[in-house]
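# Remarks on the overall topology
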Amino acid sequence: MGRSIARAAAVLAVAGWAAVAALPAQAHVQMSPTEAAPGDPVKFELLVPGESDAHTTDVALQIPTGVLPFSFEDQPGWKRTLEHADDGSIATVRWRGRLASDGFVRFAFLAATPEQEGDLVWKAVQRYDDGKEAAWIGPPDSDNPAAVTRVSAAARRQNAGGEGESAAPAAGGARPATPVQESADDGGGSSGTLGIVLGGAGLVLGAAALAVALRRRPRAVA
Amino acid sequence: MRRLALLAAVPAVTLAVTAGTALAHTEVKSTSPAKGSTAKTSITTVTVTFTEAIRSGTLRVTGAGGTVVSVGSGGRDPRKISRLRVPLKSSKRAGRYTARWTAVAPDGHRQHGSFKFKLRT
C-alpha cells in the first residue's frame, strides 16, 4: 500500500516536471500572475523564450496604463532602460542582452496594480540579432498574443515588497488597514524626517563614545 | 571607563544604521505655493510634488478658523504621476492657510504631512 502511494507520487512528480519543461515549447512571451488584486503591489514576471535560430537581443515591454512599477530585479547579462510617458509614469521597460537560441529569460519586477478591476494587456516586442522581431501584441487567440493579467478583487493579494498589509488572502476583497507613518507636521512633510534625526543622533553618540574610548586607550608599545 | 564607552558606542551605531531604513520611500520634492511663502489670493490650485510616482492621495486646504477653501479632497494630477493637486475656491481672503496631504506610494506605504503658506491680494 505504502509502496503504491510512493509510486503514484513518483509518477505525479515526473508528470509535473514534464508539464513544466513543456512550457517553453509554446514559445510565447508570457506574464505571471495571470490574476492579481486591484491596488496591490505585485511581483510580475515576464517569461521570454527564444523561438528562432537567432538570439534575442532586445525585449521591450509596454506598461499598461495604471500600472506603477517601483522595483526591478537585476538580470545578469541584461541592461534595463526605462522610457517615460508625458505624465512621468513608466511607459516602456526595455531589456538588452543576448539570449541563447534555445534559452529563455525571466524579467521580474514589482508594480502596483490599478485600483479598478479589468484586464491588463502586456504588449511586448522581442528583437533578434538577425533583424527579425516578434511583436506579442495580438488578442489572446491570435498567433502573437499579448499576455494578459486579469485584475479582480477575488484574486489573492500579494503585497509584494510592500509594507503594513499582510500578504494573507483578503476575505471578501476587504483591504486590511495600513498603519499611517507619522511625519513631522508642517515640515513640508515626509516620513523620513524622524529617521534622519534618530540616525544623526545615533552617529553623533557613536562617534563621541568612540572618541572617549580611543583617548582612554593606553599608548601602544612601539 | 574605556570599556564602558565602547559599550555605549555599539547601540548608538546600531540605532544610526536601523534608522536608515525609513528613507526607502518617496519624499516631498516641492509644493505650490512653497512652504512658508506668500502667494496671491488669485491662485487656483495647490500642489505637492513628490520625488517618485504616487498611487493615490488627498489634499485639503484650510484657512482661519478651519474654513475649507479647497474643492473636493484632491488627488493625483492627471498630468503628472508624482503630483497631488486640489482646486481652490475663488472666494479666498488674504491670510494664513494650511495644506494637509496624504499619499500612498506604489508599494502601499502611506504618508502624510502639512505645510503653511500665506495669501495676499
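Model, not experiment: these values are computed from the prediction. (Residues numbered from 1 in each chain as written. Chains lettered and ligands numbered in written order. Predicted model: local features only at pLDDT ≥ 70, side-chain atom pairs only at ≥ 80, totals over all residues.)

Glancing now at the overall build of chain A. Regarding its fold elements, chain A presents two helices and 12 strands. Across chain A, helices and strands are ordered from the amino to the carboxyl terminus as α-β-β-β-β-β-β-β-β-β-β-β-β-α. Split into buried and exposed, the 222 residues of chain A put 24% on the buried side. For chain A, the share of sequence-separated contacts (at least 6 apart) that also reach a separation of at least 24 residues comes to 67%. (Helix = DSSP H or I, 4+ residues; strand = E, 2+ residues; numbered from the N terminus. Buried ≥ 20, exposed ≤ 12 C-beta atoms within 10 Å, placed from the backbone. Contact = placed C-beta atoms within 7 Å.)

Let us look at the overall build of chain B. Of the regular secondary structure elements, chain B holds one helix and eight strands. The buried share of chain B, reckoned over its 121 residues, is 33%. Within chain B, contacts between residues separated by at least 24 positions form 58% of all contacts whose residues are at least 6 apart in sequence.

Moving on: the sheet that holds strand β10 (residues 124-128) of chain A. All names here are of chain A. If you trace the five strands from one edge of the open sheet to the other, you get β6-β7-β4-β10-β11, paired in antiparallel fashion. What marks the edges here is a single partner per strand, and that holds for β6 (79-84) and β11 (133-136). Going across the sheet, the axis of each strand differs from the next one's by a mean of 15°, ignoring polarity. In this structure, β6 lies alongside strand β7 (residues 90-96), joined through six bridges in antiparallel fashion. From the neighbouring strand, Thr81 faces β7, where its bridge partner is Arg94. (Pairing = 2+ DSSP bridges. Axes fitted to C-alpha atoms, helices over the stretch in contact; angles between N-to-C directions.)

Moving on: the nonpolar core. Residues and elements named next belong to chain A. Within the largest apolar cluster, 55 residues are counted, with the highest numbers of intra-cluster contacts made by Leu46, Ala111 and Ala124. It is strand β8 (residues 104-112) that provides the largest number of residues to this core, a total of six residues. With residues up to four places along the chain from it excluded, the contact list for Leu46 reads Val29, Met31, Leu61, Arg106, Phe107 and Ala124. (Core = buried A, V, L, I, M, F, W, Y, C linked by C-beta atoms within 7 Å.)

This next bit is on the sheet that holds strand β1 (residues 30-32) of chain A. All names here are of chain A. Taken in spatial order, the four strands line up as β1-β3-β8-β5 in an open sheet, and their pairing is antiparallel. On the outer flanks of this sheet lie β1 and β5 (68-72), each paired with one strand and no other. Each neighbouring strand pair of the sheet contributes to a mean axis angle of 35°, computed without reference to strand direction.

Residue and element names in this part refer to chain A. For chain A, per-residue confidence averages 77 on the pLDDT scale, and residues scoring 70 or more make up 61% of the total. pLDDT under 50 marks residues 14-26. Its contacts with residues more than four places away, or in other chains, come to two contacts. Taken together, the stretch residues 166-193 has pLDDT below 50 and engages in 58 contacts with residues farther than four places along the chain or on a different chain. (pLDDT = per-residue confidence, 0-100.)

All names here are of chain A. Burial along strand β12 (residues 147-151) is one-sided: the residues Ala147, Thr149 and Val151 are buried and none of Val148 and Arg150 is. Alignment of strand β2 (residues 35-36) against β12, held across two bridges, turns out to be parallel. Note on β12: the bridge partner recorded for Glu35 is Arg150. Pairing of strand β9 (residues 118-122) with β12, which is carried by five bridges, proceeds in the antiparallel orientation. Residue Leu120 lies in a different strand from β12, and its bridge partner there is Thr149.

This brings us to the environment of Thr56 of chain A. Residues and elements named next belong to chain A. By the element assignment, Thr56 lies in strand β4 (residues 56-62). Exposure remark for Thr56: the 26 C-beta atoms within 10 Å place this residue in the buried category. In sequence terms Thr56 and Asp129 are 73 residues apart; their C-alpha atoms lie 6.3 Å from each other. When near neighbours in sequence (up to four residues on either side) are disregarded, Thr56 contacts Val48, Gly50, Leu99, Gln126 and Tyr128.

With that out of the way, let us pick up unusual backbone geometry. A cis amide bond links Ser32 of chain A to the next residue, Pro33 of chain A, at an omega of 0°. Looking at where Pro33 of chain A falls in the secondary structure, it is placed in the loop between β1 and β2. Residue Ser32 of chain B is joined to Pro33 of chain B through a cis peptide bond whose omega torsion reads 0°. Among the structural elements, Pro33 of chain B can be located in the loop between β1 (28-32) and β2 (38-40). Even without glycine at this site, Asn159 of chain A takes up a positive phi of about 50°.

The residue Gly161 of chain A is located in the loop between β12 and α2 (192-216) in this model. With 120 residues separating them in the primary sequence, Gly161 of chain A and Pro41 of chain A have C-alpha atoms 6.9 Å apart. Gly161 of chain A has contacts with Pro41, Ser71 and Leu110 of chain A together with Asp107 of chain B, leaving out every residue within four places of it along the chain.

Here the focus is the pairing of β7 of chain A. In terms of strand pairing, β4 of chain A meets β7 of chain A through five bridges, oriented antiparallel. Looking at the pairing, Val59 of chain A lines up with Trp95 of chain A of β7 of chain A.

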